[in-house]
Amino acid sequence: MAAGQRIVSIPNPIDTRLFAPLTEEQRNEAAKALGLPQGKNLVLFVAQKVDDERKGIRYLDEAVKILTAAPDKPAAPEVPEVPDIPENPENPDRPETPENPDSPAIAVIAPGRDIPYINKVEDMARLYACVDVFVTPSLSDNLPNTIMEAMACGTPCVGFNVGGIPEMIDHKENGYVARYRDARDLAEGIRYAIAEENHARLAAAARDKVMRCYSEEAVAKQYQTEYCGGDGSSGGSGSSGLSGVSRLSGVSGLFGVSGLGV
């Protein structure tokens with residue numbers, strides 16, 4: 001039925017007032033309240049089930065081992081391939097990157113494993129804003145809300161080149177897209193994101209990407225363009241049988257489409 005039809009993908013919006021960067025003072029207070037390690041670069045990983053093989057935490061753990069390898073010790077061996085997950089044919093071809101034993105101390109934070117489970121969205125937003133980088137080593141994913149939330153908090157993200165992840169993370173602009181199932185390149189991404197010369201630029205660009213593409217106002221404008229022709233009039237290119245865009249109180253701009261489940 002969709003053959004020959006124009007298809008438009010519009011993401012779900014995010015509350016950029018809730019998911020937002022913190023000041024240095026707010027960040028220090030939140031880190032203490034959440035019981036986060038002090039004096040280390042914090043790498044955040046989240047999953048409904050931390051040890052779910054598809055979420056790829058073993059690749060993250062392997063990447064941290066590479067980053068923290070002592071100069072006189074060889075790096076740990078590569079993680080064996082997962083045979084039932086196909087390679088991503090669109091992987092960028094980037095050269096291998098050697099380990100850097102001089103990387104600063106790193107602490108991986110996984111709620112439910114390294115710190116208590118977080119069940120309040122406000123605390124989750126504070127956690128995103130407290131860490132230095134968010135890593136999603138998923139072996140398959142669509143358009144992860146976790147990346148959107150972390151970026152909204154001004155936290156650079158690192159993930160594999162799979163699914164919708166490279167649509168969200170712009171390589172070396174607001175984060176790092178690592179080769180699929182490559183723990184060594186994932187380590188390079190973490191190193192790149194936490195580097196002093198990169199971090200502030202990546203953080204600002206991450207927040208900017210969310211405001212431009214995933215904020216409530218930005219997403220509402222996309223609906224307005226599709227269903228109202230972009231000028232507020234009805235009868236846009238995809239408006240067949242629809243009654244236009246409904247205005248909701250308390251939301252900046254337009255949000256939601258009447259007649260559609262959004």
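Calculation notes
- Residues numbered from 1 in each chain as written.
- Predicted model: local features only at pLDDT ≥ 70, side-chain atom pairs only at ≥ 80, totals over all residues.
- Heavy atoms only, no water.
- Helix = DSSP H or I, 4+ residues; strand = E, 2+ residues; numbered from the N terminus.
- Contact = heavy atoms within 4.5 Å.
- Buried < 20%, exposed > 50% of the residue type's maximum accessible area, 1.4 Å probe, protein only.
- 1 Å grid on protein atoms, 1.4 Å probe; cavity = no way out; pocket = protein on both sides within 12 Å on 5 of 7 lines; lining within 4 Å.
- Points joined across faces, edges and corners; volume = space filled by probe spheres on them.
- Core = buried A, V, L, I, M, F, W, Y, C linked by side-chain atoms within 4.5 Å.
- Salt bridge = Lys/Arg side-chain N within 4 Å of Asp/Glu carboxyl O.

Peer 1: Explain the overall build of the protein chain here, please?
Peer 2: Broken down by element type, the protein chain carries eight helices and five strands. In the protein chain, the succession of α and β elements from N to C terminus is α-β-α-β-α-β-α-β-α-β-α-α-α. In the protein chain, 65% of the contacts between residues at least 6 apart in sequence involve partners at least 24 apart.

Peer 1: Help me understand the environment of I109 in this model?
Peer 2: Mapped onto the secondary structure, I109 falls in strand β2 (residues 106-109). Filtering out sequence-adjacent residues up to four positions away, I109 remains in contact with L36, P37, L42, V43, L44, F45, D114, I115 and L127.

Peer 1: I would appreciate a short explanation of helix α4 (residues 145-152) in the present structure.
Peer 2: Each α-helix winds once per 3.6 residues, and so residues spaced three or four apart point in a common direction. Across the eight residues of α4, six count as buried, placing the element largely inside the fold. Among all positions of α4, only I147, M148, E149, A150, M151 and A152 are buried. Buried residues along α4 sit against α3 (121-130), β3 (133-136), β4 (157-160), α5 (165-168) and α7 (196-213). Positive backbone phi, approximately 75°, marks G154, located one or two places after α4.

Peer 1: How do you make sense of helix α2 (residues 57-67) when you look at a structure like this?
Peer 2: Among the 11 residues of α2, eight are classified as buried, and the element is accordingly described as predominantly covered. Among all positions in α2, only I57, Y59, L60, E62, A63, V64, I66 and L67 are buried. Where the residues of α2 are buried, they touch β1 (41-44), β2, β3, β4 and α6 (183-194).

Peer 1: Help me out: how do you make sense of the layout of surface pockets in this one?
Peer 2: It is the rolling of a water-molecule-sized probe over the atoms that shows where space remains empty. Roughly 390 Å³ of volume is contained in the largest pocket. Together, 17 residues line the largest pocket, and V46, A47, Q48, Y128 and T146 are the ones closest to its centre. Looking at the lining of the largest pocket, the elements that each hand over two or more residues are α3 and α4. A per-element tally of the lining of the largest pocket places α4 first, with three residues.

Peer 1: Would you mind showing me how to read the nonpolar core here?
Peer 2: One finds L36, L44, L127, Y128 and I190 to be the most contacted residues of the largest nonpolar core, which totals 65 residues. What L44 contacts, discounting residues up to four positions off in sequence, is I109, P111, M124, L127, Y128, V131, V133, F134 and V135.

Peer 1: Looking at this structure, I do not really get the pattern of salt bridges. What am I missing?
Peer 2: For side chains of opposite charge, pairing can occur when their charged atoms come near one another. Inspection of every chain in the model, using the stated rule, returns 15 salt bridges. Where R58 meets E53, a salt bridge forms, and the shortest distance between an N and an O atom there is 2.6 Å. With a relative accessible area of 41%, E53 lands in the partly exposed category. Residue E217 pairs with K221 through a salt bridge whose shortest N-O separation is 3.5 Å. Residue E217 and its partner K221 are located together in helix α8 (residues 216-228), separated by four residues, close to a single helical turn. Here E217 falls in the partly exposed class, since its relative accessible area comes to 35%. When salt bridges with common partners are traced through the structure, they connect D15, R17 and E216 into a single cluster.

None of this, on its own, says anything about what the molecule does.
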